[in-house]
Amino acid sequence: MARIIVVTSGKGGVGKTTTSAAIAMGLAKRGHKTVVIDFDVGLRNLDLIMGCERRVVYDFINVINGEANLNQALIRDKHCNSLFILPASQTRDKDALTLEGVEKVLEELSKDFKYIVCDSPAGIEKGAHLAMYFADDAFVVTNPEVSSVRDSDRMLGIMASKSRRAELGMEPIKEYLLLTRYDPDRVEAGEMLSLEDVQEILSLHLLGIIPESKAVLNASNSGTPVILDEKSDAGQAYADVVARYLGEKRPHRFIDSKKGFLRKLFGGK
């Protein structure tokens, strides 16, 4: 049976799709057959970040409506044979997603895949609700700013009360914190929340810290998940996230300010 992961947040622009692509690629590169689904009907960015936008013929909504089967709609990733993408539709609205349709697709995918990564749209409307409804695990992506953390806290409340696991009285969704666009120098300057501030508000298990990095934009523009850029700090951070999720113990990196480190090195305070 597949493990269903939702990558979610309350706010847009925090890095959900970048994270979904990186996590899915990381799991597949480790030999786990993985599919990543774009739930952002009407916008559709996952295929761009995965570099397969020109290969989209059928999409998630076509499958739900019976206009195509999964075999026709799934796109095999060009970097990894164990990874597949199920793109969203650009021409429908979010009401095209139905609970029954999503459940049927997930059940069919579960027969063949080890991990199903659901890239959730921002906010709390239908697409976001359906992305998290069937989840076993949630990667809660947030930036170190008050509005982003507050919106993530609201999503935690919704997952705790409106998921299938909550409705059936099952074990709750396992929730993990992924802190993106983190800049230790700006934290030290008081310009953004610290890791401790975010953890105090959300009280989640920290899975990883993704530093502010030009590599993320470069990877998006080239249609390559940033985790494949093994020399970049962001690529290494996402590799750490995947390793921790799979049970490995790795120390958290990219937390401390380089300026602060240099001051301590030279005897400053």
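In what follows, the accompanying structure is described. (Residues numbered from 1 in each chain as written. Predicted model: local features only at pLDDT ≥ 70, side-chain atom pairs only at ≥ 80, totals over all residues. Heavy atoms only, no water.)

Examining the sheet that holds strand E2 (residues 34–38)
Convention followed: Think of it this way: DSSP has to see at least two bridges between two strands before they count as a pair. Numbering goes from the N terminus for both helices and strands, where a helix is a DSSP run of H or I of at least four residues and a strand is a run of E of at least two. The contact criterion used throughout is that any non-hydrogen atoms of two residues lie within 4.5 Å. Axis lines are fitted to C-alpha atoms, over the contacting stretch for helices. Their N-to-C directions set the angle, which ranges from 0 to 180 degrees.
Strand order in the open sheet formed by 8 strands is E3-E4-E2-E5-E1-E6-E7-E8, with mixed pairing between adjacent strands. The sheet is open, and its two edges are formed by strand E3 (75–76) and strand E8 (205–211), each paired on a single side. Two elements, E3 and strand E4 (residues 83–86), share 2 bridges in a ladder whose sense is antiparallel. Of the residues in E4, the one forming a bridge with Arg76 is Phe84. Strand contacts of helix H7 (residues 146–162): strand E1 (3–8), strand E6 (137–142) and strand E7 (174–182), with the helix running at about 160° to E6, the strand carrying the most contacts. Those strands touched by helix H12 (residues 233–245) are E1, strand E5 (115–119), E6, E7 and E8, and its axis lies near 165° from that of E8.

Remarks on the side chain of Ser120
For Ser120, the position within the fold is in the loop between E5 and helix H6 (126–133). Beyond its immediate stretch of four places on either side in the chain, Ser120 contacts Val6, Val7, Thr8, Lys16, Phe39, Ala128 and Ala131.

Digging into the pairing of E2
To keep things clear, this is the line we draw: Under the scheme applied here, a residue whose accessible area is under 20% of the maximum for its type counts as buried, over 50% as exposed, and between as partly exposed, the area being computed with a 1.4 Å probe on protein chains only.
Within E2, 5 of the 5 residues are buried, leaving the element largely enclosed by the surrounding structure. Residues Thr34, Val36 and Asp38 point to one face of E2 and Val35 and Ile37 to the other, with burial holding for every one of them. The pairing of E2 with E4 spans 4 bridges and is classified as parallel. Following the sheet pairing, Ile37 is matched in E4 by Leu86. In this sheet, E5 lies alongside E2 in parallel orientation, the contact comprising 5 bridges. Following the sheet pairing, Thr34 is matched in E5 by Tyr115.

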